[in-house]
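Structure assessment
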Amino acid sequence: MSSSSSASLLDVESEPGKPPVLRVETPVDATAWAAEQRDALRAVVAEYGSVLVRGLGLSDAGVVGGVFRRLATGLMADREAFAPRQSYAEGVYSSSTWPPNQPMCMHHELSYTLQPPGLMLFACLTAPTTGGATAVADAPTVLQALPAELVARFEREGWLLTRSYNDEIGASVAEAFGTDDRPTVEDYCRTNGIEYAWQPDGSLHTRQRRSAVVAHPATGQRCWFNQIAFLNEWTISPEVREYLIEMYGADGLPFNTRYGNGDPIAEDTVQLLNKVYEENTAREPWQSGDLLLVDNLRTAHSREPYEGPREVLVAMADPVHLADTAPTLQGGAA
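Residues numbered from 1 in each chain as written. Predicted model: local features only at pLDDT ≥ 70, side-chain atom pairs only at ≥ 80, totals over all residues. Heavy atoms only, no water.

With that out of the way, let us pick up the confidence of the model for the protein chain. Detail in the predicted coordinates should be disregarded across regions flagged by low pLDDT. Averaged over all residues, the pLDDT of the protein chain equals 93, while 96% of them reach at least 70. Counting contacts from residues 1–5, a segment whose pLDDT is below 50, to residues more than four positions away or on other chains yields 18 contacts. (pLDDT = per-residue confidence, 0-100. Contact = heavy atoms within 4.5 Å.)

Of note, Arg54 is situated in strand E2 (residues 50–54). A distance of 3.0 Å separates the side chain of Arg54 from the backbone oxygen of Pro285, its partner in a polar contact. Apart from residues no more than four positions distant in its own chain, Arg54 is found in contact with Val21, Leu22, Arg23, Val24, Glu284, Pro285, Trp286, Gln287 and Asp290. (Helix = DSSP H or I, 4+ residues; strand = E, 2+ residues; numbered from the N terminus. Polar contact = N/O pair within 3.5 Å; in protein donor to acceptor, adjacent residues only side chain to side chain.)

Turning next to the packing of aromatic side chains. For the coordinates displayed, the defined rule picks out nine aromatic pairs. On the basis of an interplanar angle of 55 degrees and a centroid distance of 5.4 Å, the ring pair of Trp98 and Phe230 is categorised as tilted. Pair noted here: Trp98 is in the loop between strand E4 (92–94) and strand E5 (104–107) and Phe230 is in the loop between strand E13 (222–224) and helix H7 (238–248), with a separation of 132 residues, a long-range link. Overall, the relative accessible area of 18% leaves Trp98 in the buried class. On the accessibility criterion, Phe230 (3% relative accessible area) is buried. An aromatic cluster is present here, built from Phe82, Trp98, Phe230 and Phe255 joined pairwise through their rings. Over the face of the ring belonging to Tyr259 we find Arg153, whose NZ or CZ atom lies 3.6 Å from the ring centre. A cation over a ring is seen here: Arg182 above Trp198, with NZ or CZ 4.1 Å from the ring centre. (Phe/Tyr/Trp six-rings, centres within 6.5 Å; stacked < 30°, edge-to-face > 60°. Buried < 20%, exposed > 50% of the residue type's maximum accessible area, 1.4 Å probe, protein only. Lys NZ or Arg CZ within 6 Å of the ring centre and 35° of its normal.)

Phe82, Phe122, Phe154, Trp224 and Ile228 are the most contacted members of the largest nonpolar core, which has 48 residues in total. With four residues, helix H8 (residues 267–279) is the single largest residue contributor to this core. Discounting chain neighbours no more than four positions away, the residues touching Ile228 are Phe154, Trp159, Ala212, Thr257, Ile265 and Leu273. Val28, Leu56, Phe68 and Leu119 belong to the second-largest nonpolar core, a separate cluster that totals 29 residues. (Core = buried A, V, L, I, M, F, W, Y, C linked by side-chain atoms within 4.5 Å.)

Strand pairing in a sheet relies on backbone hydrogen bonds. The paired strands run either parallel or antiparallel. Within the open sheet, the seven strands sit side by side as E1-E2-E16-E6-E19-E4-E3. Their pairing is mixed. Of all strands in the sheet, those with a lone pairing partner are strand E1 (21–23) and strand E3 (87–89), marking the two edges. Put simply, the sheet's adjacent strands are angled 25 degrees from each other on average, direction ignored. Inspection of the sheet shows strand E6 (residues 117–126) paired to strand E19 (residues 311–319) by eight bridges, in the antiparallel sense. Note on E19: the bridge partner recorded for Met120 is Met316. Along the sheet, helix H1 (residues 30–48) contacts E1, E2, E6, strand E16 (291–295) and E19; its crossing angle with E2, the most-contacted strand, is approximately 140 degrees. Lying over the sheet, helix H2 (residues 61–71) contacts E3, E4, E6, E16 and E19, oriented at roughly 155 degrees with respect to E6. (Pairing = 2+ DSSP bridges. Axes fitted to C-alpha atoms, helices over the stretch in contact; angles between N-to-C directions.)

On to the side chain of Thr113, then. Within the secondary structure, Thr113 is located in the loop between E5 and E6. Overall, the relative accessible area of 5% leaves Thr113 in the buried class. Of the polar contacts made by the side chain of Thr113, one reaches the backbone oxygen of Leu110; its length is 2.7 Å. In terms of polar contacts, Thr113 uses its side chain to reach the backbone amide nitrogen of Gln115, at 3.5 Å. With residues up to four places along the chain from it excluded, the contact list for Thr113 reads Arg79, Glu80, Arg210 and Leu322.

With that settled, consider H1. Here H1 spans only 22 Å end to end across 19 residues, well under the 27 Å set by a 1.5 Å rise per residue. Along H1, the sharpest kink reaches roughly 65 degrees, centred on Gln37. Every buried residue of H1 is accounted for by Ala30, Thr31, Trp33, Ala34, Gln37, Ala40, Leu41, Val44 and Val45. Summarising the contacts, the buried residues of H1 are in contact with E1, E2, H2, E6 and E16. N-capping of H1 is provided by Asp29, with a side-chain oxygen placed 3.1 Å from the backbone N of Thr31. (Expected span 1.5 Å × (residues − 1). Bend = angle between axes of the 7 residues up to and from the residue.)

Here Ser59 lies in the loop between E2 and H2. We classify Ser59 as exposed; its relative accessible area is 60%. Each C-alpha atom of the pair Ser59 and Ile236 lies 33 Å from the other, and the pair is 177 residues apart in sequence.

For residues besides glycine, phi is generally negative; the peptide bonds are generally trans as well. For Leu110, which is not glycine, the phi torsion reads 55 degrees and is therefore positive. Its location among the elements puts Leu110 in the loop between E5 and E6. Positioned with a positive phi, Ala326 is a non-glycine residue whose angle comes to about 50 degrees.

Given below as structure tokens:
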């Protein structure tokens, strides 16, 4: 496709088990191309939930930032992150710091916040030797595949995220909130429906209840939208889980999820959630220079284990007010 042609739905390669792929066949100025193709690309994302653009040759963080800004309505600051990121420019980040040999299971970015991103943008500067795909899964399809009684309970109660911030595992208070000033952190928590408690050792424990199912603001489609499985203790590898419990205690894990009423979620339920995600996963290995756009409400994403260097830049964009998604909990929170 030349830089002067428009990306139409007919240009997109779509096959089972893979995300939609759009190929740029001739060299282009990536930033100018993004500005020119913005509306067409966003129409593709609206149709499919995601699109992988191959052939842009992205290799520089500055260029990637320009591409992101032209495709998004507005880039967001990363708040309440569960793992630290490096900041390349305002609104442009590294992938979350996470052990390469451990998967980051399917999730919707910042689905536990009251203003999650509507659009995720990823750019691969360096593809890993093996693995490391950013895979995707369709949230309405996942919702339909889950047992009705399980969905009904989560719709009634929502889901509860508990966090224990420290300076060793996961994001620190400063990394998650952009500051370690206690009054500022407390004000953020009160404004965003987060219960908080400072511990005698200075660490912070928080709890927040959110809707597990939302309606897509553009289409009304009901979406399984949460991080229930990914941030649950049973998704952590057994040896890491045992180490964390030994270090911090069962109630001091960096993050964990429960039913909205506080009941623990059984291991087999978490395994079921991850199994349904896996059965509905579409994956395509990264190639250096690739661009991936993901509708964050309609489409979950993951990061698979990998070997070798991997540099993927990320932006969160187009914030959505959870209250505008017909949340099952009033205002999106308890």
